[in-house]
Amino acid sequence: MTESKKILLIVSGGIAAFKALELIRLLRAKDYGVTCVLTRAGAQFVTPLSLQALSEQKVYSELFSLTDESEMGHIQLSRSADLLVVAPASADILAKMAAGLADDLASTLLLATDKPVLVAPAMNVRMWQHPATQANLATLTVRGVHVVGPDEGAMACHEFGPGRLSEPQAILAAIEALLTGGKKPLTGRHAIVTSGPTHEPIDPVRYIANRSSGKQGHAIAAALAALGARVTLVSGPVSQPEPPGVAIRRVETAREMLQACEAALPADVFVGAAAVADWRMAAEATEKIKKKPGAAPPALTLTLNPDILATIGQIKKNRPRLVIGFAAETDNLLANAAAKRTSKGCDWIVANDVSPATGIMGGDENAIHLVTATGTEDWPRLHKEEVARRLAARIVEEFQK
Ligand SMILES: Cc1cc2nc3c(=O)[nH]c(=O)nc-3n(C[C@H](O)[C@H](O)[C@H](O)COP(=O)(O)O)c2cc1C
(Lines give C-alpha, C1' and ligand atoms only; values in the text may rest on other atoms or scores of the structure.)
Protein backbone atom coordinates (compact mmCIF):
# COMPACT_ATOMS: atom_id res chain seq x y z
CA MET A 1 0.00 0.00 0.00
CA THR A 2 2.80 2.38 0.88
CA GLU A 3 5.45 1.62 -1.72
CA SER A 4 4.22 4.34 -4.04
CA LYS A 5 4.64 7.01 -1.31
CA LYS A 6 7.88 8.91 -1.41
CA ILE A 7 9.48 10.94 1.34
CA LEU A 8 12.15 13.56 0.90
CA LEU A 9 13.98 13.50 4.21
CA ILE A 10 16.05 16.58 5.00
CA VAL A 11 18.61 15.98 7.74
CA SER A 12 19.91 19.21 9.23
CA GLY A 13 22.78 19.83 11.60
CA GLY A 14 21.96 18.68 15.10
CA ILE A 15 23.21 16.13 17.54
CA ALA A 16 19.98 14.16 17.01
CA ALA A 17 20.81 13.58 13.33
CA PHE A 18 21.77 10.00 14.18
CA LYS A 19 18.10 9.30 14.93
CA ALA A 20 17.32 10.03 11.28
CA LEU A 21 18.98 6.68 10.52
CA GLU A 22 16.42 4.83 12.63
CA LEU A 23 13.63 6.83 11.00
CA ILE A 24 14.84 5.77 7.54
CA ARG A 25 14.95 2.15 8.69
CA LEU A 26 11.37 2.35 9.97
CA LEU A 27 10.16 4.02 6.77
CA ARG A 28 11.89 1.47 4.55
CA ALA A 29 10.46 -1.39 6.63
CA LYS A 30 7.04 -0.03 5.67
CA ASP A 31 8.06 0.25 2.02
CA TYR A 32 8.16 4.03 1.81
CA GLY A 33 10.63 5.39 -0.73
CA VAL A 34 13.11 7.69 1.04
CA THR A 35 15.43 10.19 -0.61
CA CYS A 36 17.75 12.08 1.73
CA VAL A 37 19.07 15.61 1.58
CA LEU A 38 21.86 16.38 3.99
CA THR A 39 22.82 19.93 5.00
CA ARG A 40 26.48 20.83 5.28
CA ALA A 41 26.13 20.95 9.08
CA GLY A 42 24.14 17.71 9.03
CA ALA A 43 27.12 15.99 7.41
CA GLN A 44 29.14 16.78 10.55
CA PHE A 45 26.86 14.42 12.47
CA VAL A 46 25.95 11.62 10.04
CA THR A 47 27.67 10.52 6.88
CA PRO A 48 26.05 10.53 3.44
CA LEU A 49 27.13 6.90 3.17
CA SER A 50 24.97 5.84 6.16
CA LEU A 51 21.95 7.66 4.74
CA GLN A 52 22.56 6.17 1.31
CA ALA A 53 23.01 2.63 2.59
CA LEU A 54 19.78 2.74 4.62
CA SER A 55 17.65 4.62 2.09
CA GLU A 56 19.14 2.73 -0.90
CA GLN A 57 19.03 6.04 -2.76
CA LYS A 58 21.50 8.69 -3.80
CA VAL A 59 21.94 11.40 -1.14
CA TYR A 60 21.80 15.06 -2.22
CA SER A 61 23.78 17.83 -0.54
CA GLU A 62 24.88 20.48 -3.00
CA LEU A 63 22.74 23.16 -4.60
CA PHE A 64 25.29 23.96 -7.27
CA SER A 65 26.01 20.46 -8.50
CA LEU A 66 26.09 20.11 -12.26
CA THR A 67 25.73 16.34 -12.03
CA ASP A 68 22.72 16.49 -9.73
CA GLU A 69 21.09 19.24 -11.76
CA SER A 70 21.44 17.17 -14.92
CA GLU A 71 20.09 14.03 -13.19
CA MET A 72 17.25 15.71 -11.31
CA GLY A 73 16.90 19.49 -11.02
CA HIS A 74 16.32 20.99 -7.58
CA ILE A 75 12.77 22.01 -8.47
CA GLN A 76 11.94 18.47 -9.55
CA LEU A 77 13.56 17.09 -6.39
CA SER A 78 11.41 19.39 -4.26
CA ARG A 79 8.24 18.11 -5.92
CA SER A 80 8.93 14.48 -6.68
CA ALA A 81 8.07 13.36 -3.15
CA ASP A 82 4.64 13.11 -1.50
CA LEU A 83 5.91 14.70 1.69
CA LEU A 84 8.99 16.65 2.80
CA VAL A 85 10.20 15.77 6.30
CA VAL A 86 12.87 17.76 8.13
CA ALA A 87 14.25 15.55 10.92
CA PRO A 88 16.00 16.75 12.90
CA ALA A 89 15.01 20.35 12.13
CA SER A 90 17.66 22.69 13.54
CA ALA A 91 16.81 26.14 14.90
CA ASP A 92 18.71 27.45 11.88
CA ILE A 93 16.66 25.65 9.25
CA LEU A 94 13.40 26.66 10.96
CA ALA A 95 14.57 30.28 10.88
CA LYS A 96 15.47 29.99 7.20
CA MET A 97 12.10 28.47 6.39
CA ALA A 98 10.25 31.20 8.29
CA ALA A 99 12.26 33.91 6.56
CA GLY A 100 12.01 32.29 3.12
CA LEU A 101 15.78 32.00 2.70
CA ALA A 102 17.16 29.68 0.05
CA ASP A 103 20.94 29.69 0.38
CA ASP A 104 21.59 25.95 0.26
CA LEU A 105 19.97 22.86 -1.24
CA ALA A 106 17.74 22.04 1.78
CA SER A 107 16.30 25.53 2.22
CA THR A 108 15.85 25.96 -1.54
CA LEU A 109 13.88 22.72 -1.76
CA LEU A 110 11.71 23.78 1.17
CA LEU A 111 10.94 27.09 -0.54
CA ALA A 112 10.36 25.56 -3.96
CA THR A 113 8.11 22.71 -2.92
CA ASP A 114 4.37 22.47 -3.42
CA LYS A 115 4.10 19.42 -1.17
CA PRO A 116 3.20 19.21 2.53
CA VAL A 117 6.10 19.70 4.93
CA LEU A 118 6.58 18.11 8.37
CA VAL A 119 9.30 19.36 10.71
CA ALA A 120 10.65 17.57 13.78
CA PRO A 121 12.55 20.22 15.74
CA ALA A 122 15.50 19.25 17.93
CA MET A 123 17.74 21.63 19.79
CA ASN A 124 19.01 22.83 23.13
CA VAL A 125 16.26 23.91 25.55
CA ARG A 126 17.24 27.59 25.44
CA MET A 127 17.38 27.59 21.65
CA TRP A 128 13.89 26.04 21.58
CA GLN A 129 12.47 28.44 24.14
CA HIS A 130 14.03 31.52 22.53
CA PRO A 131 11.30 33.88 21.33
CA ALA A 132 12.92 33.88 17.87
CA THR A 133 12.49 30.11 17.49
CA GLN A 134 8.98 30.20 18.94
CA ALA A 135 8.01 33.03 16.57
CA ASN A 136 9.47 31.10 13.62
CA LEU A 137 7.48 28.02 14.63
CA ALA A 138 4.30 30.07 14.93
CA THR A 139 4.88 31.56 11.45
CA LEU A 140 5.46 28.12 9.95
CA THR A 141 2.39 26.60 11.67
CA VAL A 142 0.17 29.40 10.35
CA ARG A 143 1.54 28.65 6.88
CA GLY A 144 0.45 25.04 7.23
CA VAL A 145 3.78 23.40 8.06
CA HIS A 146 3.17 20.37 10.28
CA VAL A 147 5.19 19.93 13.46
CA VAL A 148 5.97 16.84 15.51
CA GLY A 149 7.57 17.27 18.93
CA PRO A 150 9.93 18.16 20.37
CA ASP A 151 9.88 15.92 23.44
CA GLU A 152 11.07 16.88 26.85
CA GLY A 153 13.87 15.06 28.57
CA ALA A 154 17.58 14.90 29.28
CA MET A 155 19.57 16.32 26.39
CA ALA A 156 23.02 15.68 25.00
CA CYS A 157 24.04 19.13 26.26
CA HIS A 158 23.33 17.96 29.87
CA GLU A 159 20.31 20.23 30.16
CA PHE A 160 16.77 19.07 30.75
CA GLY A 161 13.61 20.32 29.10
CA PRO A 162 11.79 20.49 25.78
CA GLY A 163 13.99 20.26 22.69
CA ARG A 164 14.65 16.55 22.24
CA LEU A 165 13.83 15.12 18.84
CA SER A 166 10.59 13.11 18.90
CA GLU A 167 11.21 9.38 18.87
CA PRO A 168 11.46 7.97 15.33
CA GLN A 169 8.25 5.93 15.97
CA ALA A 170 6.35 9.13 16.75
CA ILE A 171 7.75 10.84 13.63
CA LEU A 172 6.69 7.80 11.60
CA ALA A 173 3.16 8.04 13.07
CA ALA A 174 3.00 11.74 12.16
CA ILE A 175 4.20 10.94 8.61
CA GLU A 176 1.60 8.20 8.21
CA ALA A 177 -1.17 10.45 9.55
CA LEU A 178 -0.24 13.07 6.94
CA LEU A 179 0.19 10.65 4.06
CA THR A 180 -3.13 8.94 4.55
CA GLY A 181 -4.65 12.43 3.98
CA GLY A 182 -7.85 11.79 2.02
CA LYS A 183 -8.57 8.41 3.54
CA LYS A 184 -7.75 9.09 7.13
CA PRO A 185 -7.16 5.99 9.25
CA LEU A 186 -10.13 6.53 11.58
CA THR A 187 -12.63 7.48 8.87
CA GLY A 188 -15.94 5.73 9.58
CA ARG A 189 -15.14 5.25 13.28
CA HIS A 190 -17.07 6.94 16.07
CA ALA A 191 -15.25 8.04 19.20
CA ILE A 192 -16.80 9.29 22.43
CA VAL A 193 -14.41 11.34 24.54
CA THR A 194 -15.20 12.78 27.96
CA SER A 195 -13.26 15.76 29.20
CA GLY A 196 -12.98 18.23 32.06
CA PRO A 197 -14.35 18.11 35.59
CA THR A 198 -17.93 17.64 36.69
CA HIS A 199 -19.69 20.10 38.95
CA GLU A 200 -21.87 18.58 41.64
CA PRO A 201 -24.20 21.16 43.16
CA ILE A 202 -24.32 21.64 46.94
CA ASP A 203 -27.01 24.29 46.70
CA PRO A 204 -28.06 26.64 43.89
CA VAL A 205 -24.81 28.65 44.13
CA ARG A 206 -22.13 26.22 45.36
CA TYR A 207 -20.71 23.07 43.90
CA ILE A 208 -18.07 20.38 44.38
CA ALA A 209 -15.48 20.39 41.57
CA ASN A 210 -11.88 19.47 40.85
CA ARG A 211 -8.90 21.03 39.09
CA SER A 212 -9.25 19.29 35.72
CA SER A 213 -8.86 21.80 32.88
CA GLY A 214 -10.08 19.59 30.05
CA LYS A 215 -6.83 20.21 28.12
CA GLN A 216 -6.01 16.53 27.75
CA GLY A 217 -9.52 15.35 26.87
CA HIS A 218 -10.05 18.14 24.36
CA ALA A 219 -6.65 17.45 22.76
CA ILE A 220 -7.58 13.75 22.41
CA ALA A 221 -10.90 14.66 20.79
CA ALA A 222 -9.04 16.94 18.36
CA ALA A 223 -6.40 14.29 17.57
CA LEU A 224 -9.01 11.60 16.87
CA ALA A 225 -10.99 14.00 14.66
CA ALA A 226 -7.79 14.90 12.79
CA LEU A 227 -7.41 11.20 11.96
CA GLY A 228 -10.90 11.10 10.49
CA ALA A 229 -12.99 9.84 13.42
CA ARG A 230 -16.46 11.22 14.08
CA VAL A 231 -16.02 12.49 17.60
CA THR A 232 -18.61 13.20 20.28
CA LEU A 233 -16.94 15.22 23.01
CA VAL A 234 -18.87 15.11 26.27
CA SER A 235 -17.42 17.96 28.25
CA GLY A 236 -17.85 19.18 31.80
CA PRO A 237 -17.53 22.91 32.49
CA VAL A 238 -14.18 24.05 30.99
CA SER A 239 -12.80 27.15 29.34
CA GLN A 240 -11.04 25.26 26.52
CA PRO A 241 -11.87 26.29 22.94
CA GLU A 242 -14.04 23.76 21.11
CA PRO A 243 -11.85 21.52 18.95
CA PRO A 244 -12.75 21.88 15.27
CA GLY A 245 -14.86 19.18 13.64
CA VAL A 246 -16.09 17.69 16.91
CA ALA A 247 -19.71 17.38 18.13
CA ILE A 248 -19.76 18.78 21.64
CA ARG A 249 -22.22 17.87 24.40
CA ARG A 250 -21.91 20.19 27.39
CA VAL A 251 -22.82 18.74 30.77
CA GLU A 252 -22.34 19.67 34.42
CA THR A 253 -22.82 16.64 36.62
CA ALA A 254 -21.59 13.04 36.50
CA ARG A 255 -25.12 11.80 35.94
CA GLU A 256 -25.58 14.14 32.96
CA MET A 257 -22.20 13.02 31.61
CA LEU A 258 -23.17 9.35 31.76
CA GLN A 259 -26.51 10.07 30.11
CA ALA A 260 -24.83 11.99 27.28
CA CYS A 261 -22.31 9.15 26.76
CA GLU A 262 -25.03 6.50 26.66
CA ALA A 263 -27.06 8.62 24.26
CA ALA A 264 -24.03 8.89 21.95
CA LEU A 265 -23.54 5.09 21.70
CA PRO A 266 -22.79 3.07 19.65
CA ALA A 267 -19.14 3.96 19.30
CA ASP A 268 -15.93 2.19 18.27
CA VAL A 269 -13.84 3.79 20.96
CA PHE A 270 -14.57 5.43 24.30
CA VAL A 271 -11.96 7.61 25.97
CA GLY A 272 -12.88 8.63 29.51
CA ALA A 273 -10.50 11.53 30.12
CA ALA A 274 -12.89 13.52 32.31
CA ALA A 275 -12.22 13.85 36.02
CA VAL A 276 -15.66 12.70 37.11
CA ALA A 277 -16.59 13.51 40.70
CA ASP A 278 -16.87 10.31 42.72
CA TRP A 279 -19.47 11.78 45.02
CA ARG A 280 -22.33 14.22 44.95
CA MET A 281 -24.58 15.61 47.66
CA ALA A 282 -27.00 12.99 48.99
CA ALA A 283 -29.62 15.72 48.91
CA GLU A 284 -28.88 18.94 47.06
CA ALA A 285 -30.23 21.97 48.96
CA THR A 286 -32.87 23.80 46.95
CA GLU A 287 -32.11 27.12 48.67
CA LYS A 288 -28.71 28.66 49.32
CA ILE A 289 -27.43 27.24 52.62
CA LYS A 290 -27.25 30.21 55.02
CA LYS A 291 -24.45 30.96 57.47
CA LYS A 292 -26.16 31.45 60.81
CA PRO A 293 -24.36 33.26 63.65
CA GLY A 294 -23.17 30.81 66.27
CA ALA A 295 -24.35 27.74 64.31
CA ALA A 296 -21.97 24.89 63.47
CA PRO A 297 -20.92 24.58 59.78
CA PRO A 298 -23.28 22.34 57.83
CA ALA A 299 -22.30 18.69 57.43
CA LEU A 300 -22.27 17.73 53.76
CA THR A 301 -23.59 14.21 53.34
CA LEU A 302 -22.34 12.65 50.12
CA THR A 303 -23.48 9.75 48.02
CA LEU A 304 -21.73 7.81 45.24
CA ASN A 305 -21.96 9.03 41.67
CA PRO A 306 -22.40 6.54 38.82
CA ASP A 307 -19.09 5.16 37.57
CA ILE A 308 -19.07 6.17 33.89
CA LEU A 309 -15.97 4.17 32.93
CA ALA A 310 -17.19 0.98 34.62
CA THR A 311 -20.65 1.42 33.10
CA ILE A 312 -19.31 1.76 29.56
CA GLY A 313 -16.62 -0.88 30.10
CA GLN A 314 -19.12 -3.49 31.28
CA ILE A 315 -22.02 -2.60 29.05
CA LYS A 316 -23.58 -5.73 27.50
CA LYS A 317 -24.95 -4.31 24.28
CA ASN A 318 -23.01 -1.88 22.07
CA ARG A 319 -19.80 -1.97 24.13
CA PRO A 320 -17.20 0.07 22.23
CA ARG A 321 -14.41 -2.15 20.91
CA LEU A 322 -11.84 -0.09 22.78
CA VAL A 323 -12.65 1.40 26.19
CA ILE A 324 -9.89 3.63 27.54
CA GLY A 325 -9.92 5.11 31.02
CA PHE A 326 -7.69 7.57 32.83
CA ALA A 327 -6.28 6.95 36.28
CA ALA A 328 -5.17 10.15 37.96
CA GLU A 329 -3.45 9.03 41.13
CA THR A 330 -1.21 10.56 43.75
CA ASP A 331 0.18 7.27 45.11
CA ASN A 332 0.78 3.69 43.97
CA LEU A 333 0.12 4.85 40.44
CA LEU A 334 0.79 1.70 38.43
CA ALA A 335 -0.71 -0.79 40.88
CA ASN A 336 -3.88 1.30 41.16
CA ALA A 337 -4.06 1.74 37.39
CA ALA A 338 -3.71 -1.99 36.69
CA ALA A 339 -6.39 -2.75 39.30
CA LYS A 340 -8.67 -0.12 37.78
CA ARG A 341 -8.23 -1.63 34.30
CA THR A 342 -9.59 -4.99 35.36
CA SER A 343 -12.18 -3.86 37.92
CA LYS A 344 -13.80 -1.45 35.46
CA GLY A 345 -13.69 -3.78 32.49
CA CYS A 346 -11.75 -1.40 30.30
CA ASP A 347 -9.04 -2.21 27.76
CA TRP A 348 -6.44 0.46 28.44
CA ILE A 349 -5.71 2.78 31.31
CA VAL A 350 -3.80 6.01 30.79
CA ALA A 351 -2.18 6.46 34.18
CA ASN A 352 -0.79 9.76 35.36
CA ASP A 353 0.61 11.01 38.62
CA VAL A 354 -1.31 14.13 39.56
CA SER A 355 0.54 14.91 42.81
CA PRO A 356 0.68 18.72 43.08
CA ALA A 357 4.49 18.69 42.56
CA THR A 358 4.07 17.31 39.01
CA GLY A 359 2.03 20.35 37.89
CA ILE A 360 0.10 18.03 35.56
CA MET A 361 -3.40 18.91 36.74
CA GLY A 362 -4.19 22.07 34.79
CA GLY A 363 -0.68 22.19 33.26
CA ASP A 364 0.28 21.85 29.60
CA GLU A 365 2.23 18.62 29.93
CA ASN A 366 1.58 15.07 30.95
CA ALA A 367 3.77 12.11 31.83
CA ILE A 368 1.75 8.98 31.33
CA HIS A 369 1.98 5.21 31.48
CA LEU A 370 -0.24 3.26 29.14
CA VAL A 371 -1.46 0.13 30.91
CA THR A 372 -2.82 -2.53 28.55
CA ALA A 373 -3.56 -6.24 28.84
CA THR A 374 -0.01 -7.01 27.70
CA GLY A 375 1.97 -4.61 29.86
CA THR A 376 2.83 -1.00 30.63
CA GLU A 377 4.38 1.55 28.28
CA ASP A 378 6.13 4.47 29.99
CA TRP A 379 5.92 7.58 27.84
CA PRO A 380 8.23 10.55 28.34
CA ARG A 381 6.84 13.81 29.68
CA LEU A 382 5.12 15.39 26.68
CA HIS A 383 2.84 18.24 25.77
CA LYS A 384 -0.77 17.18 26.24
CA GLU A 385 -1.29 17.60 22.48
CA GLU A 386 1.57 15.22 21.74
CA VAL A 387 0.18 12.71 24.28
CA ALA A 388 -3.13 13.01 22.42
CA ARG A 389 -1.49 12.44 19.03
CA ARG A 390 0.37 9.38 20.31
CA LEU A 391 -2.72 7.94 21.91
CA ALA A 392 -4.66 8.49 18.68
CA ALA A 393 -1.86 6.74 16.76
CA ARG A 394 -2.03 3.78 19.17
CA ILE A 395 -5.79 3.61 18.67
CA VAL A 396 -5.23 3.48 14.90
CA GLU A 397 -2.77 0.60 15.38
CA GLU A 398 -5.37 -1.26 17.42
CA PHE A 399 -8.01 -0.87 14.72
CA GLN A 400 -5.54 -1.99 12.05
CA LYS A 401 -4.97 -5.31 13.85
C1 LIG B 1 28.09 19.70 18.54
C2 LIG B 1 26.99 20.55 17.97
C3 LIG B 1 25.69 20.17 18.15
C4 LIG B 1 24.65 20.94 17.65
N5 LIG B 1 23.36 20.54 17.87
C6 LIG B 1 22.35 21.31 17.40
C7 LIG B 1 21.01 20.91 17.62
O8 LIG B 1 20.73 19.86 18.23
N9 LIG B 1 20.02 21.68 17.14
C10 LIG B 1 20.28 22.85 16.46
O11 LIG B 1 19.32 23.53 16.06
N12 LIG B 1 21.54 23.23 16.22
C13 LIG B 1 22.58 22.49 16.66
N14 LIG B 1 23.87 22.89 16.44
C15 LIG B 1 24.11 24.11 15.65
C16 LIG B 1 23.87 23.86 14.16
O17 LIG B 1 24.63 22.77 13.70
C18 LIG B 1 24.15 25.14 13.36
O19 LIG B 1 23.17 26.12 13.71
C20 LIG B 1 24.14 24.91 11.87
O21 LIG B 1 24.38 26.16 11.24
C22 LIG B 1 22.83 24.35 11.37
O23 LIG B 1 22.89 24.26 9.97
P24 LIG B 1 21.72 23.61 9.11
O25 LIG B 1 20.44 24.15 9.64
O26 LIG B 1 21.98 24.06 7.72
O27 LIG B 1 21.82 22.13 9.22
C28 LIG B 1 24.93 22.13 16.92
C29 LIG B 1 26.26 22.48 16.71
C30 LIG B 1 27.27 21.71 17.25
C31 LIG B 1 28.70 22.13 17.01
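Residues numbered from 1 in each chain as written. Predicted model: local features only at pLDDT ≥ 70, side-chain atom pairs only at ≥ 80, totals over all residues.

Colleague: So what about the overall build of the chain? Which residues, and what values?
Modeller: Counting secondary structure elements, the chain contains 14 helices and 21 strands. Along the longest, intermediate and shortest principal axes, the C-alpha atoms of the chain span 90 × 45 × 35 Å. Looking at the 401 residues of the chain, the share that counts as buried comes to 42%. Pairs at least 24 apart in sequence give 69% of the contacts found in the chain among residues at least 6 apart. (Helix = DSSP H or I, 4+ residues; strand = E, 2+ residues; numbered from the N terminus. Buried ≥ 20, exposed ≤ 12 C-beta atoms within 10 Å, placed from the backbone. Contact = placed C-beta atoms within 7 Å.)

Colleague: Describe the packing of helix α5 (residues 91–99) against helix α8 (residues 131–142), and please don't skip the residues or the numbers.
Modeller: Packing of α5 against α8 brings their axes to within 9 Å, and their N-to-C directions diverge by 50°. Judged by the angle between their axes, α5 and α8 are oblique. Note on packing geometry: the crossing formed by α5 with α8 is left-handed. The residues of α8 that touch α5, namely those facing Ala 91, Leu 94, Ala 95, Met 97 and Ala 98, are Ala 132, Thr 133, Asn 136, Leu 137, Thr 139 and Leu 140. (Axes fitted to C-alpha atoms, helices over the stretch in contact; angles between N-to-C directions. Parallel < 35°, antiparallel > 145°, perpendicular 65-115°, else oblique. Left-handed = near helix turned anticlockwise from the far one by under 90°.)

Colleague: Give a description of the site of the ligand that names residues and reports values.
Modeller: Close to the ligand lie 15 residues, the nearest being Ser 12, Gly 13, Gly 14, Ala 41 and Ser 90. In terms of residue count, the dominant contributor to the shell around the ligand is α5 (3 residues). Its residues assigned to classes, the shell around the ligand shows 8 nonpolar, 6 polar and 1 charged. (Near = placed C-beta within 6 Å. Nonpolar A, V, L, I, M, F, W, Y, C, P; charged D, E, K, R; others polar.)

Colleague: Lay out the domain arrangement of the chain with the relevant residues and their values.
Modeller: For the chain, the assigned domains are domain 1 (6–179) and domain 2 (190–280 + 299–400). Taking the mean C-alpha position of each, domain 1 and domain 2 sit 35 Å from one another. Contact with domain 1, which involves 7 residues of that partner, is made by 8 residues of domain 2. Broken down by secondary-structure element, the contributors of at least two residues to the side of domain 1 that touches domain 2 are β6 (151–154) and α9 (168–179). The class makeup of the residues in the side of domain 1 that touches domain 2 is 3 nonpolar, 2 polar and 2 charged. (Domains from an automatic or database assignment.)

Colleague: Which residues make up the sheet that holds strand β19 (residues 368–372), and what values go with them?
Modeller: Strands in a sheet are paired, the pairing made by backbone hydrogen bonds, and the direction either parallel or antiparallel. What the 8 strands build is an open sheet, ordered β12-β11-β8-β13-β16-β17-β19-β20; its pairing is mixed. The sheet is open, and its two edges are formed by β12 (247–250) and β20 (375–378), each paired on a single side. Along the sheet, successive strands turn relative to each other by an average axial angle of 15°, direction set aside. Here 6 bridges tie strand β16 (residues 322–329) to strand β17 (residues 348–353), and the two strands are oriented parallel to one another. Residue pairing across strands places Glu 329 opposite Asp 353, the latter belonging to β17. Set on the sheet, helix α11 (residues 254–264) makes contact with β8 (190–195), β11 (230–235) and β12; between it and β11 the angle comes to about 165°. (Pairing = 2+ DSSP bridges.)

Colleague: Lay out the sheet that holds strand β1 (residues 6–11) with the relevant residues and their values.
Modeller: Read from one edge to the other, the open sheet built from 5 strands follows the order β2-β1-β3-β4-β5, with strand pairing classed as parallel. Because the sheet does not close on itself, it has two edges, and the strands there are β2 (33–38) and β5 (146–147). Sheet analysis places strand β4 (residues 117–121) next to β5, joined by 2 bridges and oriented parallel. Across the sheet, Leu 118 pairs through a bridge with His 146, a residue of β5. Lying on the sheet, helix α1 (residues 19–29) is in contact with β1, β2 and β3 (83–89); it crosses β1 at an angle near 175°.

Colleague: Provide a residue-level description of the environment of Thr 141, including the pertinent values.
Modeller: On the secondary structure map, Thr 141 appears in helix α8. Sequence separation between Thr 141 and Ala 226 is 85 residues; the distance between their C-alpha atoms is 16 Å.

Colleague: Tell me about the pairing of β19, and please be specific about residues and values.
Modeller: Strand direction decides the pairing type here: β17 and β19, joined by 4 bridges, are antiparallel. Along β19, the bridge assignment pairs Ala 351 with His 369. As paired elements, β19 and β20 share 4 bridges and run antiparallel to each other. Residue pairing across strands places Val 371 opposite Thr 376, the latter belonging to β20.

Colleague: Describe the pairing of β11, and please don't skip the residues or the numbers.
Modeller: In terms of burial, β11 is largely enclosed, as 5 of its 6 residues are buried. Here β8 pairs with β11 via 6 bridges, running parallel. The residue bridging Thr 194 from the neighbouring strand is Val 234, located in β11.

Colleague: Would you mind going over the environment of Leu 322 in detail, with residue names and values included?
Modeller: With respect to the element layout, Leu 322 can be found in strand β16. Aside from chain neighbours lying at most four places away, what touches Leu 322 is Asp 268, Val 269, Asp 347, Ile 395 and Glu 398.

Colleague: Quick one: what's the story with α1, residue by residue and with numbers?
Modeller: Within an α-helix, residues lying three or four positions from one another point in the same direction, as the helix has 3.6 residues per turn. All of the buried residues along α1 are Lys 19, Ala 20, Leu 23, Ile 24 and Leu 27. Axial view of α1: buried residues confined to an arc of 145°, hence all on one face. For α1, the elements touching its buried residues are β1, β2, α2 (48–55), β3 and α9. Looking one or two residues past α1, Asp 31 carries a phi angle of roughly 70°, positive in sign. (Arc of directions from axis to C-beta.)

Colleague: Lay out unusual backbone geometry in plain terms, naming residues and giving numbers.
Modeller: Keep in mind that most residues, glycine aside, have a negative phi and that most peptide bonds are trans. The amide bond that connects Gly 149 to the next residue, Pro 150, takes the cis arrangement and shows omega of 0°. In this structure, Pro 266 follows Leu 265 across a cis peptide bond, with omega equal to 0°. For Pro 266, the position within the fold is in the loop between α11 and β13 (269–272). For Asp 31, which is not glycine, the phi torsion reads 70° and is therefore positive. Positive phi, normally seen in glycine, also occurs at Glu 56, with a value near 60°. You can call Glu 56 exposed: it has 11 C-beta atoms within 10 Å.

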